[in-house]
Amino acid sequence: MSKSIKIRKGLDIRIKGDAERSSIEAPLSSTYAIKPTDFHGLIPKLLKRVGDQVKAGTPIFQDKYREEIKYVSPVSGKIQEVKRGAKRKILEVIIEADKEISYEEGSPLDLASLDRETAKEALLASGLWPFIKMRPIDVVANYTDTPKSIFISGFDSSPLAPDYDYLLYTRDKEFQAGVDILNKLTDGNVNLQLRAKVGSDAAFTQAKKVVANKVSGPHPAGNVGPQIHQIDPINKGEVVWTVNAQDVAIIGRCLLTGRYDASKLIALTGSEATNRKYYKVIIGANASDVLNGNSNTDNVRYISGNVLTGSQIEADGYIGFYDSQITVVPEGNEYKFFLTKGWLGPGFKKLSNNSAYPSKVLGPKKFDVDTNLNGEERAFVVTGEYEKVFPFDIYPVHLIKSVMINDIDSMEKLGIYEVAPEDFALCEFVCTSKINSQEIVRQGLDVIHKECM
Amino acid sequence: MKFLRKIFDNAHAKLNKSEKTKKLFPLVDSVDTLMFTPNHTTKGGAHIRDGIDLKRTMMFVIIALIPCLLFGMYNVGYQHFLASAVPETLAWTNVDMFLHGLVRVLPFIVVSYAVGLGVEFIFAIKNGHAVQEGFLVSGMLIPLIMPIDTPLWMVAVAVVFGVVIGKEVFGGTGMNVLNVALTARAFLFFAHPTSMSGNNVWISGFKEMKDKGLLKQTVNEAGQSVDAISGATPLGDLASFAQETPAFSDLAAFESKGHSFSELLMGLYPGSIGESSVYAIGLGAIFLLATGIANWRIIASFFVGGLAMAFVFNQIAGPEDYYFQLPALNQLMLGGFIFGMVFMATDPVTAAQTSSGKYIYGFLGGFLAILIRVVNPAYPEGVMLAILIANVFAPLIDHMVISINIKRRLKRVKIA
């Protein structure tokens, strides 16, 4: 049964710098990296050493505790470096790419005759498994679980988000193949959420074996969290899997061709980026291929992902595994005099969801915004502001407080199984007290993962 | 602004030189962050943040209090002039009245802020955190809810009590259970009742004038010369209906002597400094609601709660129960009801935090305020105690609301 749902609470953040719908083939990077830090909670066990030759699709490391889950090289080449951080934690495995990519050759799968176990094995063996994430906890899915349903969001509503219709244009077959194999993994539905009232690409509208639901409303309407909450909510003990739409197409393509071809489109966005277009890159590409000459370099922040949930990278850092977007925004590391641009200024151009700034009504259509915290961290004082942007039947502040005091019982009761850090991104944005709620929710999920799963 | 920035940067550099002066960091930092939004950038999480911060929120409440403050100053002078035996030739102009009020009220504000921020600084230095903004509002509220003749030392003691016992022992701004300003007032109310109630404290210099025989005189029915002004607040007069010597013979007499509905809205009657004018409070309320700082749910339900209780009294009033008979709307315009509704009950820290809880909390506060005011002869005004009681109940109300939410989500499992 397809549903039509309406997200009433939320906020569309209108900032400058969206990407134009045209794409450029980015040059092949000289180096690529797979970052274990992209997969929360993963402790990698290296399978290759520095200097080893790998092909695209060769496993580089595996999950130490779930050994079947392999993480593979996106390109062929030589392992150049294993970058480590504090306590020798592996941060990046950098691969020096060949001029021509050679693939681990597999054979195309006959999707029709596949049963669940062979489907799982195929995904695990080919390194495609990490594209599948699970709720609760929001980490790479457990292959021993059978999810009650699988969710794919057909659009992204976050600030400056790439247009999924553009990303999937002419990739109908690949997307369908991805959907087909996902259908093998669950007894329930594969849910695909599309925007209500706006047409979507044929890849979505023509997709078979999916339950297509319509979603209307502001961000986070495009996040799977609120979609799951309204369509098939997670109760304790239940598991739902989620896959990004573009990743579904990647899975499909790899299964159809038998090769790990991880190329995808990413959007270059943000007010400081100049040549804002879509770039065709391979997962793990060096951001400098996209950024070179296409962005201001003076006092800016490069973000792999969007401004709400992305992670900061260096200009020559590597694009995150799940990200379809690079955002470049100005750093806000300057003092602002209180009566002009600071806290008591008139604020006609200051981005805010609070009526205490006239910009909410009188502001420009799109805002310039920097990374200034616009205040200092405080205890919770103002109430009711999280609730305005949090479309769950959950009390967000109380959930956060239960995490702060590490009360597992309360966390469960208040709905921690239904949320992921990204669902709190808007709460974090609007917070008067500047509390890092995504980080707190992540801590809570870690505790739940360790103690209750 | 570069020179100002330089001064702060130099001050920070000097403080950082030795361990001893480092402790004073919160002092300089507080002034610095007041003058400049700091250069802190986001670390992880959302990379961009809303422009709002606690300073702006608090400052907007202070801005909303300005009409009350100005009207309060004028009213202090006005009441003083009305009560004193000044010859017609020396009649005061409106400016005189305002200036008198200004001179009398300003010391309250200075003492309140000086003492309160002093305490805050001590805690900030002791705990090594920045001075929190909560007291900016409390420091303005406390003078406005004092009778004008309260000795300044009492104000100081009340502020210390309010800040330390009301807030800091719980962990500072955001952690307190009771409204800080009301805690300060309640402390004085019970510790020094004669300075906080009765007929002698509401008009600037009333007691002194009375002792020296400087009050305006009038001739009563028996032909004796008596004070023209009793010095009582309208609520005091109303409470006297229950006593042997009521100030007025019946309700009609009360209303005709300067207590008609429109006169109550205007607020030119004795009372705590900032509480009397509904017009002035209304301006602040409009500002707070338009900017979304105050919660309309609390204000609305508080009003309805008071109205409901007053209406109940109207219905059960006997022929002689003049106080019970007072029309419900007039009842709400009196005393500190509207002031408490707009500025005290809406304190987000001590109010209920859930949306549905706010309705219950507000209703409870308004309902109790009128109940205590009308029925309890010891307390002519009930708003202060009613809001404090509602504060105490707020966590319980939230707990109930959240329990319902939890049960609703647990039910899903059974359906599925």
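Each chain has its residues counted from 1, following the order in which its sequence is written. Each chain gets a letter, beginning with A, and each ligand a number, beginning with 1, in the order they are written. Residue-level local features of this predicted model are given only where pLDDT is at least 70; pairs of side-chain atoms are given and counted only at 80 or more, and the full residue set underlies all totals for whole chains, interfaces and linings.

(A) Representation of the overall build of chain A within the structure. A run of DSSP states H or I qualifies as a helix once it reaches four residues; a run of E qualifies as a strand once it reaches two. Both are numbered from the N-terminal end. On a plain count of helices and strands, chain A comes out with 13 helices and 21 strands. The C-alpha radius of gyration computed for chain A amounts to 22 Å, which stays within 12% of the reference 22 Å derived for 453 residues, consistent with globular compactness. With the C-alpha coordinates of chain A rotated into their principal frame, the extents come out at 65 × 50 × 50 Å. Exposure in this text rests on C-beta crowding, where 20 or more other C-beta atoms within 10 Å of a residue's own make it buried, 12 or fewer make it exposed, and counts in between make it partly exposed. The C-beta atoms are placed from the backbone. Per-residue burial for chain A yields a buried fraction of 55% across its 453 residues. Within chain A, counting contacts between residues at least 6 apart in sequence, those at least 24 apart form 68% of the total. Here the globule rule is a power law, 2.2 Å times the number of residues to the power 0.38, and the radius of gyration is based on C-alpha atoms. In this description, a residue-residue contact is defined by the distance between C-beta atoms placed from the backbone, which must lie within 7 Å.

(B) Focus on the sheet that holds strand β13 (residues 190–195) of chain A. Residue and element names in this part refer to chain A. Here, any two strands with at least 2 DSSP bridges between them count as paired. In space, the seven strands of this open sheet follow the order β1-β14-β13-β12-β15-β10-β11, with mixed pairing throughout. Two strands lie at the open edges of the sheet, namely β1 (4–6) and β11 (139–140), each paired on one side alone. Relative to strand β14 (residues 211–216), β13 is paired through five bridges, and the arrangement is parallel. Among the inter-strand pairings, Leu194 is bridged to a residue of β14, identified as Lys214. For helices, the fitted axis covers only the stretch in contact; all axes are lines through C-alpha atoms, and the angles between them, taken along N-to-C directions, range from 0 to 180 degrees. Packing against the sheet, helix α5 (residues 224–231) makes contact with β1, β10 (133–135), β12 (149–153), β13, β14 and β15 (240–242), and its axis sits at approximately 135° to β12.

(C) Highlighting the domain arrangement of chain B. For the domains described, the bounds stem from an automatic or database domain assignment. Domain assignment breaks chain B into domain 1 (2–35), domain 2 (54–233 + 269–291) and domain 3 (294–401). Each of domain 1 of chain B and domain 3 of chain B was reduced to a C-alpha centroid, and the two centroids are 45 Å apart.

(D) Spatial organisation of the environment of Thr274(A). All names here are of chain A. Mapped onto the elements of the fold, Thr274 is located in the loop between β16 (263–269) and β17 (278–282). As for Thr274 and Leu291, which are separated by 17 residues in sequence, their C-alpha atoms are 9.1 Å apart. Beyond its immediate stretch of four places on either side in the chain, Thr274 contacts Asn294 and Ser295.

(E) Examining the packing of helix α1 (residues 2–15) of chain B against helix α3 (residues 25–35) of chain B more closely. Residues and elements named next belong to chain B. Put simply, α1 and α3 touch, their axes get as near as 10 Å, and they point 165° apart. Between α1 and α3, the crossing angle belongs to the class labelled roughly antiparallel. In terms of crossing hand, the pair formed by α1 and α3 is left-handed. Of α3, the residues touching α1 (which contributes Leu4, Phe8, Ala11, His12 and Leu15) are Phe25, Val28, Asp32 and Met35. Three categories are distinguished: nonpolar for Ala, Val, Leu, Ile, Met, Phe, Trp, Tyr, Cys and Pro, charged for Asp, Glu, Lys and Arg, and polar for the others, with Gly belonging to the last. The class makeup of the residues in the contact of α1 with α3 is seven nonpolar, one polar and one charged. By definition in this entry, angles of less than 35 degrees are roughly parallel, angles greater than 145 are roughly antiparallel, angles of 65 to 115 are roughly perpendicular, and the rest are oblique. Each crossing gets its hand from how the near helix is turned against the far one by less than a right angle, where anticlockwise is left-handed and clockwise is right-handed.

(F) Highlighting the interface of chain B and chain A. If you look at the interface, chain B gives 50 residues, while chain A gives 60 residues. The set of elements that each furnish at least two residues to the side of chain B that touches chain A consists of α3, β1 (36–37), α4 (54–83) and α20 (383–415) of chain B. Classifying every residue of the side of chain B that touches chain A gives 20 nonpolar, 22 polar and eight charged.

(G) A look at the confidence of the model for chain B. Per-residue confidence for chain B gives a mean pLDDT of 92; residues scoring 70 or more make up 99%. In the model output, the complex is listed with pTM 0.94 alongside ipTM 0.93. On a scale of 0 to 100, pLDDT captures the predictor's confidence in every residue.

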